[in-house]
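Descriptive structure summary
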Amino acid sequence: MVRKALTGNHAISYAVKLVKPEVIAAYPITPQTSIVEKLSEMVESGELDSTMIRVESEHSALAACYGAALAGARAFTATSSQGLLYMHEVVHWVSRARIPMVMAVVSRTINAPWNIWPDHSDFMDQRDAGWIMAYAMDNQEALDLTIQAFKISEDPEVYLPVMVGIEGFILGHTTMPVEIPDEELVREWLGPRRQPYVVDGSSPIGVGGLTMPEETEDIFHGIQESMESAKRVIERVDREYGRMFGRSYGGLTQCYRCEDADYLAVSMGAWSGDLMEAVNKLREEGYRVGVLRLRFYRPFPREDLLEHAGRSKGVVVFDRAVSFGAWGPIFADLVASLAERPEKLPALSNIVAGIAGVNITSEDFEKLVKRFIESVEKGEKPVYFEWFRKR
Amino acid sequence: MAQARPKPPIPYDMRDSFLPGDAACSGCPIPMGWKVVRAALGEKTVFVIPACCSSVVVGVYPGQSLNSSIVHVPFAAAPSVASGIAEAYEKRGLRDVNVVVWAGDGGTADIGMASLSGAAERNNNIIYIMYDNEAYMNTGIQRSSSTPRGAWTTTTPVSGKTEQKKDVAKIMIAHDVPYVATASVAYPHDFYSKLQKARSIRGFKFIQLHAPCPVGWRFEPQYTVKVARLAVETGLWILYEYQGRRLTLSGPSRPYLDPSKRKPVEEYIRMQGRFRNIPPEALEDIKRSVELNWEWVKKLI
């Protein structure tokens, strides 16, 4: 184990190096670029024995990884924003073939207008694609999640591709100390590549051909079932990882000071750190509030939310993306989860903020969470939905 | 003129490579092409097929009529998926599996052009076969950039296509890949030997296979081979190989270097309903492009 000061992007590059996928294919896009630049450097210097396919587009980046994964190789790609949208067609294609692979998504606002700052719009746009969707809070978790992603993806109970998100610049280009596990240990823990079938010419196999409605539905239903079993696998992998490498995060969600909390703030990504800081201040002021941070958006941690939110007085959800004409995507899923037990429904509020990279501070969180708690305490109906704008 | 090469033997068991249960129209050139590909490249062949007639022709899950591995991929993705497969085999030390892209002209000349160019430039170890039926036949006969001038399609329904056919083989030659060839379903021996050649070369190989479509070109299904042969005999479709910056005219096309040996282009045109309303200037344009193509060939042989 070594400790290095790494940007979030380089933390992912190092994770990939430890895993050593046979094939890497990627196309540059801000703010993802430094992941593949670092990997190219590692490959060219002989530090990493992977084949780098320098493709001409993101569509081809994922397509090439898909081909490599079908052919029995571990494969990795990384992208952002427009690049992710450009490859979106293939994103769906990969999961429906049940082929394990890993992609890093360094979040950046979907354009137009041109904007390179982060929100979760690109990541959330992949919601229905059948990928396991994880999101890190800091650079260490970016590294750990990337390694875990390969293990989860290749678990026979899952056999689905995994995307790992981090915010561009906020994590992507910000340096933090990161512990890099021992390479041998990572390889040993991952074991040899596992996948449901291999296309290697040894016996005829057809993948993705014309299929009648009932059989197609079978395939889709299988993805839904595997998403459910993935919940157990994600938790098991996180526990195993904790035993092997000393860090464990809690599975699908991270519960921060929420065990005894009356109120819950729900979030995902780097700004959860600011939210936790706000919660610490509010705790000092006597507010019994905690944070439930989503580490995984798909499968959606319905059970965790029912458990924690179901026994709280109020839940405020911070979304860094918006479904125009509705509300934040996490909120929508959370309400759907809690509505399973309507008798225990807490007071609810959704705040969409930080859109297009607008900076949200811990003071902003403190103000918003406090306002929410106070309105519930006073017996008022809290703001149900608000797009919090700083001007 | 060089002596005609002896015809290579096409294995008699090539029927076993194509099984019953395909969904091809009568007279479809696709199974004709597949039989030759499979005979030439053998069992250890992986076909990467983007959206095109072949995605349907091969049959419906759980069966498939092509006795090989098939990876069906999104429309523009075939060259890049094939690149990934080829690189993975390379890394895994699997050297005896042929990776073949089998794509139509829409998937090649239009929506797949960027990824084709990318794979060619990277010189990935694949054989790319563009079966050229000169329109989007799978969606019901719409024009492609490979549709010839003057041809009726459902998106050029009144006056026929006003633009000329895009020459993809020349675009591939400009990429300076190790092997580019043209072929025709009417000349399976020629196609077979080109596939064998392609198989022996490492890197990116491109073969454009002329594949007349009875439904889309409006001729009776028993005439597929006849139409394909006429394209060569009129000099309109020239069979050649391009390798090491040199062009070699293939046996069936050699006589037509001499313009007097060529049949009139009208013979080819008149067999096809798609040219029923061809404007005279479009016909002249096609004839002119035949001449220009031969001029180009002469410069390179």
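So, the overall build of chain A
Looking only at helices and strands, one finds 13 helices and 16 strands in chain A. Against the compact-globule benchmark of 21 Å for 391 residues, chain A has a radius of gyration of 21 Å, which places it among compact chains. Oriented by its inertia axes, the alpha-carbon framework of chain A measures out at about 70 × 50 × 45 Å. In chain A, which comprises 391 residues, the share counted as buried stands at 62%. Surface accessibility of chain A: about 14600 Å² in total, with carbon and sulfur atoms responsible for 52%.

Considering the interface of chain A and chain B
On the side of chain B, 36 residues touch chain A, which itself brings 38 residues to the contact. Summed over both sides, the interface between chain A and chain B buries roughly 2800 Å², with carbon and sulfur atoms accounting for 65% of that surface. Where chain A packs against chain B, one counts 2 salt bridges. Asp49 of chain A serves as the salt-bridge partner of Lys91 of chain B, at 2.7 Å between the closest nitrogen and oxygen. Where chain A touches chain B, the interface holds 12 residue pairs in polar contact (both at pLDDT 80 or more). No other element matches the 8 residues that helix H3 (residues 58–70) of chain A contributes to the side of chain A that touches chain B. Of the residues contributing to the side of chain A that touches chain B, the split by class is 18 nonpolar, 13 polar and 7 charged.

A few points about H3 of chain A
Counting along an α-helix, one turn takes 3.6 residues, and residues three or four places apart therefore face a common direction. All names here are of chain A. Between its terminal C-alpha atoms H3 stretches 18 Å, which fits the 18 Å expected from 13 residues at 1.5 Å a residue. The buried fraction of H3 is high, at 13 of 13 residues. The N-cap residue of H3 is Ser57: its side-chain oxygen and the backbone nitrogen of His59 are 3.3 Å apart.

Some details on the side chain of Ser83 of chain B
In this structure, Ser83 of chain B sits in helix H3 (residues 78–92). Since its relative accessible area comes to 0%, Ser83 of chain B is described here as buried. Within the structure, Ser83 of chain B has its side chain in polar contact with the side chain of Arg122 of chain B (distance 3.1 Å). If we ignore the near neighbours within four places in the chain, the residues touching Ser83 of chain B are Ile53 of chain A together with Ala119, Arg122, Asn124 and Ile126 of chain B.

Let's talk about the pairing of strand E11 (residues 263–268) of chain A
Residues and elements named next belong to chain A. Here E11 lies mainly inside the structure; 6 of its 6 residues are buried. Every second residue of E11 is oriented toward a common face, with Tyr263, Ala265 and Ser267 on one face and Leu264, Val266 and Met268 on the other, all of them buried. Pairing analysis gives 6 bridges linking E11 to strand E12 (residues 289–294), with the strands arranged parallel. From the neighbouring strand, Leu264 faces E12, where its bridge partner is Gly290. This β-α-β element, E11 to helix H10 (residues 271–284) to E12, shows right-handed connectivity. The sheet contact formed by E11 and strand E14 (residues 314–319) spans 4 bridges and is parallel.

Some words on the confidence of the model for chain B
Scored by pLDDT, chain B has a mean of 95; 95% of the residues are at 70 or more. Model confidence for the complex is summarised by a pTM of 0.96, with the ipTM given as 0.96.

As for the pattern of salt bridges
Per the counting criterion, the structure on display carries 51 salt bridges over all chains. The structure contains a network of salt bridges with shared partners spanning Asp155, Glu157, Arg232, Arg236 and Glu240 of chain A.

Some words on the sheet that holds strand E5 (residues 179–184) of chain B
Spatially, E9(A)-E2(B)-E1(B)-E3(B)-E4(B)-E6(B)-E5(B)-E7(B)-E8(B) is the arrangement adopted by the 9 strands of the open sheet, whose pairing is mixed. With partners counted over all chains shown, the strands left at the sheet margins are strand E9 (206–207) of chain A together with strand E8 (246–249) of chain B, one partner each. Contacting strand E3 (98–104), strand E4 (127–132), E5, strand E6 (205–210) and strand E7 (240–243) of chain B, helix H7 (residues 188–200) of chain B runs over the sheet at an angle of about 160° to E5 of chain B.

Some thoughts on a nonpolar patch on the surface
Taken together, the side chains of Leu210 and Met212 of chain A together with Val56, Val60 and Tyr61 of chain B present a nonpolar region at the surface, about 400 Å² in accessible area. Following the sequence through the fold, Val60 of chain B ends up in the loop between helix H2 (53–57) and strand E2 (69–73).

Some words on the packing of H3 of chain B against helix H5 (residues 113–122) of chain B
Residues and elements named next belong to chain B. Close contact between H3 and H5 brings their axes to 7 Å; oriented N to C, the two are set at 35°. Taken together, the residues of H5 that come into contact with H3 (itself represented by Pro79, Ser80 and Ser83) are Ser115, Leu116, Ala119 and Arg122. Class assignment of the residues belonging to the contact of H3 with H5 gives a composition of 3 nonpolar, 3 polar and 1 charged.

Examining the packing of aromatic side chains
What the rule picks out here adds up to 20 aromatic pairs over all chains. Ring centres 6.0 Å apart and planes at 90° place the aromatic pair Tyr297 of chain A and Phe300 of chain A in the edge-to-face group. There is no split in this pair, since Tyr297 of chain A and Phe300 of chain A are both buried. Within the aromatic cluster, the residues linked to one another by ring pairs are Phe18, Trp34, Trp102 and Tyr131 of chain B. The aromatic ring of Phe220 of chain A is capped on one face by Arg96 of chain A, whose charged end is 4.6 Å from the ring centroid.

Some words on the nonpolar core
In this structure, Trp131 of chain A together with Trp34, Trp102, Phe204 and Phe206 of chain B are the most contacted members of the largest nonpolar core, which totals 156 residues. Per-element tally for this core: the top contributor is H3 of chain A, with 9 residues. Those residues in contact with Phe204 of chain B that sit more than four places away from it in its chain are Leu116, Ala119, Ala120, Asn123, Asn124, Ile126, Tyr128, Met172, Val177, Pro178 and Tyr179 of chain B. Counting 52 residues, the second-largest nonpolar core is a separate cluster that includes Met52, Ala142, Phe150 and Val162 of chain A.

Points about the state of the cysteines
Taken as a whole and judged by the stated rule, the model has 1 disulfide over all chains. The partner cysteine of Cys255 of chain A in its disulfide is Cys258 of chain A, sulfur to sulfur 1.8 Å. Where Cys255 of chain A bonds to Cys258 of chain A through sulfur, the torsion about that S-S bond is close to -120°, and the disulfide is left-handed. Lacking any disulfide linkage, Cys28 of chain B is separated from the closest cysteine sulfur, that of Cys25 of chain B, by 6.2 Å. Here Cys53 of chain B stays free of any disulfide, with the sulfur of Cys213 of chain B as its closest cysteine sulfur at 6.3 Å. Cys53 of chain B sits in the buried class, given a relative accessible area of 17%.

Analysis parameters
- Residues numbered from 1 in each chain as written.
- Chains lettered and ligands numbered in written order.
- Predicted model: local features only at pLDDT ≥ 70, side-chain atom pairs only at ≥ 80, totals over all residues.
- Heavy atoms only, no water.
- Helix = DSSP H or I, 4+ residues; strand = E, 2+ residues; numbered from the N terminus.
- Rg over C-alpha atoms; globule rule 2.2 N^0.38 Å.
- Buried < 20%, exposed > 50% of the residue type's maximum accessible area, 1.4 Å probe, protein only.
- Areas by Shrake-Rupley, 256 points an atom, 1.4 Å probe, with all protein chains shown as cover.
- Contact = heavy atoms within 4.5 Å.
- Buried area = accessible area lost by both parts, 1.4 Å probe.
- Salt bridge = Lys/Arg side-chain N within 4 Å of Asp/Glu carboxyl O.
- Polar contact = N/O pair within 3.5 Å; in protein donor to acceptor, adjacent residues only side chain to side chain.
- Nonpolar A, V, L, I, M, F, W, Y, C, P; charged D, E, K, R; others polar.
- Expected span 1.5 Å × (residues − 1).
- Pairing = 2+ DSSP bridges.
- Right-handed = clockwise from strand over helix to strand, strands pointing away.
- pLDDT = per-residue confidence, 0-100.
- Axes fitted to C-alpha atoms, helices over the stretch in contact; angles between N-to-C directions.
- Patch = residues over 30% accessible without salt bridge, like charges linked within 9 Å, V, L, I, M, F, W, Y side chains within 5 Å.
- Phe/Tyr/Trp six-rings, centres within 6.5 Å; stacked < 30°, edge-to-face > 60°.
- Lys NZ or Arg CZ within 6 Å of the ring centre and 35° of its normal.
- Core = buried A, V, L, I, M, F, W, Y, C linked by side-chain atoms within 4.5 Å.
- Disulfide = S-S within 2.5 Å.

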